[in-house]
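The primary structure of each chain is shown beneath.
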Amino acid sequence: MRLVKFVLGLVLAAGLVSQAAGQAYPPADYQDRVPTLNDVVGHNHGADLTSSRDIIEYFRALAAADPSRIQIRSYGETWQGRELIYAVITSPDNMRRLSEIQTDLSALGSGQELPNERLTQHPAVVWLSYGVHGDEITPSDSAVFMAYHLLAAENNEVVDTILDNTIVIIDPNQNPDGRERFLHGFTSALGLEPQGDRYAAEHDQLWPRGRFNHYVFDLNRDWFALTQPETEGKVKAMLDWHPVVFVDSHEMGGDQTYFFPPSAPPFNPNITSNQREKQVLLGRNMAQYFDRFGVPYFTREIFDAFYPGYGDMWPTLNGAIAMTFEQGSPRGLVFDRKDGTQLTYNEGVRNTVLASLATLETVARNKDDFLRDYGAYRRSAINVAARASDRFVVFDLSTGRYEAESLARRLSSQGVVVQRTPAGSRHCGAAYSDGALIVDSAQPQSRLIRTLLSPSTDLPADYIAAQENRRDRGLNHELYDVTAWSLPLMDGVNIRQCSRVDLRSAVEVSADDPIPSLTAAGGAYGQIAPWTDGGQAKLVVAALRAGLRGKTTDEPFMQGGRTYPAGSVVFPAADNPDDMNARLRNLADQIGAELAPMENSWVEEGPNIGSASFAAMKAPRVAMAWGEGTVATSAGNTRFVVERVLGLPVTPIRASTIARADLSRYDVLILPDSDNGLADKIGAAAPIQEFVRNGGVLVAFSRSVNMIADEAFGLLSTQLEYAAITETLDSDGETGDEEDDRAPGTILNSDAEYKAQTKNRRAAPEDVPGVLLSAIANTDHWLASGYDEANVLVTGDNIFRPLNTGDGVNVFRFANADDLLLSGYLWEENRAQLAYKPFVMAEQHGDGLVIGFTQSPTTRAYLNGLNLLLANAVVLAPARVAK
């Protein structure tokens, strides 16, 4: 046996010694039979950054050395093909009866009350997740050390108690693609020795940074959206284990110390008082560990518990005590802090080890209480919802069918029971001719259901008052993320809620169930793909890419007594191969889409197929600005939606090369949201102007709308607005801005007059963290096909002037101030100023078309109700220009 003590004075790979030398990890005697990290990959814990491949190699080496106390399980694969794993670590006795334990924990999670003698026999599950952001680098090496310490420590009372009383799940590397992107940039910039200068190349990441996954998603916002494989696999695995405590370990700016719970306000109203109290219990023990080793920390100041997509919030709403850890990041091996100290990689690794061990110890010494609390949370969720007047949530399948079906499967993937009732059933006082999908909230995840499906989740009144008070004093608000996320609103799914429904004929919907297609025999003349939802857009894209020929209408038409909306696509048999009908039905079956057979070309109302209202379609060739100058998540989210949701491949072109690229190869050019440097990166407006004049479709989002509206581009006749000014000093509105040696004299008699005098007349509107607003469609324009109105996520401070009718069309404009807000908290002055302002604008230039979205329709890829609108811009628009 050897005594191994990992101290902060470990010599780093570059030969530098931590200034905090002498402060140790919790000391322990370690067994030789358990390999160290150095034995397997060639460096000590905390001495260097461990790669994703080496992390898995080390965990597998641990499992080979001690299979009685550790199992490795795979839960998925990233877009780049890297394996996602978690480790199960516990005592040999617990490991032998793992199946029995999981069965009883599942019963506890289902709402059953286990007899005390049975409950006390079982350990509690603690789930430790590390490194969801790939450039937050120390946590994954903390995970590596945690596994070693739990397996190798000998005659250690704390570790023995942890292994006896808990099952420890360690997910060491939630975002391996992002971690490898960071490591590539970091190692490429290294020289003779690591540099602590924050401006050194090894700390200065290239776009899009390692934070994000392959498709440039922030995985810490994806928990309920479930768009990425990393999240899908993790959620599925967690549902098998019912953890009572969940830890999501992060890093923050290197000048900060360490954050652990309690969380900051605001608190989601579906969090219980007991959960908040347990955070305090856990935080107190972490404080004792940090005090013992002289490590500074803070709590409560930032990192709130409101938005349900965080890594600490989704588990909370399932009943766990979930927490965020945040370590100041060295973003490499050493980092020079502003206070003159130097933060080392090893120090960062050690600190999260302390927080993790303190968490495990607290649960291990109180495991029966944590198990009882978890069971009580799940039972109370059922009981409270059973008495609620809005207990049942009914999804209407007559509109937005594909989005409703997809939402049902997404909920099922999160353990929520969804049931289908047949066509003609009645619920909540309404008849559902196409059937309905129903969620009974009286189930263990009721609080998650309420959070995700309710039209709005209210911020606490005292918190709102505090934020409004801050704004009155000229301070920034403290809201950290969006205040609206209602899935039915974002997906465009119509719901009703009531206290009683008839489920006697209902069948459960599984996450793996294919979405049923709607097809029928026949089609001597052809097939119609009604333009009604995102599934229909996906069907049309698949058909066009398969070489089939279709025509889209810009006006509704009626055939066989049914009216087909503008945008609907007809595939004539005469223009296509003999097996067209079979091929289209096969595609519809794969997607879950609808086809309506046409026996002849006669229409009762609207344009005939040979009318100019029908335009021939082709599979669009799509390019997109990429790289520096674009907002990374907007670029990634947009590419994902176009490629993985609609099914169109995208050519990403770096913004700095757009000016010399051959844009004539493409039908559509997308400019995602951008920073103020995109115009400089592009360099010249002429190539984009020429692309549009020659018949291209230019689609711009958010701040890119402002760029193409600028005089240098001149492609959209709009302008960003300053904040509206309502205060005046006199009837002439004098503000003292005249060009003179002196301003006109004023006498200020009140605080209100003083504020009016000092108001910044060139300030942007107040920043909006995120609300859902109603936008009204101009149904006379084909770009609004499939919509009368749309639900829009509005963030930031962009408010644009409407186009005048001589320049273009405001295809969607926001509703009047009284009807504007659908969900979330919106500053009153923003509500007034946003009313009637444009969401989507269209302006012709030459043979081409410019389309501006003042808010991105692809944010986080969870605005599924806008997928059809995006398809209007990238699929229908090329058929409407003369290229």
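Keep in mind that what you see is a predicted model, and the values were worked out from it rather than measured.

(A) View of helix H15 (residues 446-453). Of all 8 residues in H15, 7 are buried; the element is thus mostly enclosed. The set of residues buried in H15 consists of Ser446, Arg447, Leu448, Ile449, Thr451, Leu452 and Leu453.

(B) Here's a closer look at unusual backbone geometry. For the peptide bond that leads from Pro261 to Pro262, omega is 15°, which places it in the cis range. The residue after Pro265, namely Pro266, is reached through a cis peptide bond having omega 5°. Mapped onto the secondary structure, Pro266 falls in strand S10 (residues 264-267). A positive phi angle, near 50°, is found at His242, a position not held by glycine. With respect to the secondary-structure elements, His242 resides in the loop between helix H9 (229-239) and strand S8 (245-252). Phi at Cys428 takes a positive value of approximately 50°, unusual for a residue other than glycine. Mapped onto the elements, Cys428 comes out in the loop between strand S17 (425-427) and strand S18 (430-432).

(C) Main features of the state of the cysteines. Throughout the structure, instances matching the rule amount to 1 disulfide. With a sulfur-sulfur separation of 2.1 Å, Cys428 is cross-linked through a disulfide to Cys498. Taking the sign of the S-S torsion, -70° for the link of Cys428 and Cys498, the bridge is left-handed. Placement of the pair is Cys428 in the loop between S17 and S18 and Cys498 in strand S20 (residues 495-498), with a sequence separation of 70 residues. Taking the relative accessible area as the measure of exposure, Cys428 reaches 23% and is therefore partly exposed.

(D) Representation of the sheet that holds strand S22 (residues 526-529) in the model. Strands sit in the order S27-S22-S26-S23-S28 across an open sheet of 5 strands; the sheet is antiparallel. The open sheet has two edge strands with one neighbour each: strand S27 (596-598) and strand S28 (614-616). For this sheet, the mean angle separating the axes of adjacent strands, direction not counted, is 30°. One ladder, built from 3 bridges, connects strand S23 (residues 551-553) with S28; its direction is antiparallel. Looking at S28, one finds that Thr552 is bridged to Ala615. This element, helix H19 (residues 580-591), spans S22 and strand S26 (569-572) of the sheet and lies at about 25° to S22.

(E) Region of interest: the environment of Ala566. Turning to its location among the elements, Ala566 is positioned in the loop between strand S25 (562-564) and S26. With 214 residues separating them in the primary sequence, Ala566 and Asp780 have C-alpha atoms 9.3 Å apart. Apart from the residues lying within four places of it in its own chain, the contact partners of Ala566 are Trp531, Thr553, Asp554, Glu555, Pro556, Ser785 and Gly786.

(F) The packing of helix H2 (residues 52-65) against helix H6 (residues 138-152), seen in detail. At a minimum axis distance of 11 Å, the contact between H2 and H6 shows a crossing angle of 10°. Relative to H6, the element H2 is oriented roughly parallel. From H2, Ile55, Tyr58, Phe59 and Leu62 reach across to H6, where they touch Ser140, Ala143, Val144, Ala147, Tyr148 and Leu151.

(G) Molecular detail of the pairing of strand S3 (residues 70-77). Here 7 bridges tie S3 to strand S4 (residues 83-89), and the two strands are oriented antiparallel to one another. Pairing of Ser74 across the sheet is with Ile85, part of S4.

(H) Looking closely at the confidence of the model for the protein. A residue-level look at the protein finds 95% of positions with pLDDT of 70 or above and a mean pLDDT of 94. Predicted confidence for residues 1-23 stays below pLDDT 50, and this span has 60 contacts to residues more than four positions away or in other chains. Scored below 50 in pLDDT, residues 729-733 makes 6 contacts in the model with residues more than four places away or belonging to other chains.

(I) Looking closely at the packing of aromatic side chains. Under the counting rule described, the total for this entry stands at 35 aromatic pairs. With centroids separated by 5.5 Å and ring planes inclined at 85°, the aromatic side chains of Tyr825 and Trp827 adopt a geometry described as edge-to-face. The buried category is assigned to Trp827, whose relative accessible area is 0%. Members of the aromatic cluster, joined through ring pairs, are Phe224, Phe259, Phe298, Phe303, Phe306, Tyr307, Tyr310, Tyr480, Trp485 and Tyr862. Here Lys278 stacks its cationic end above the ring of Phe370, 5.5 Å away from the centre of that ring. Lying across the ring of Trp626, Arg639 places its NZ or CZ 5.3 Å from the centre.

Calculation rules
Residues numbered from 1 in each chain as written. Predicted model: local features only at pLDDT ≥ 70, side-chain atom pairs only at ≥ 80, totals over all residues. Heavy atoms only, no water. Buried < 20%, exposed > 50% of the residue type's maximum accessible area, 1.4 Å probe, protein only. Helix = DSSP H or I, 4+ residues; strand = E, 2+ residues; numbered from the N terminus. Disulfide = S-S within 2.5 Å. Pairing = 2+ DSSP bridges. Axes fitted to C-alpha atoms, helices over the stretch in contact; angles between N-to-C directions. Contact = heavy atoms within 4.5 Å. Parallel < 35°, antiparallel > 145°, perpendicular 65-115°, else oblique. pLDDT = per-residue confidence, 0-100. Phe/Tyr/Trp six-rings, centres within 6.5 Å; stacked < 30°, edge-to-face > 60°. Lys NZ or Arg CZ within 6 Å of the ring centre and 35° of its normal.

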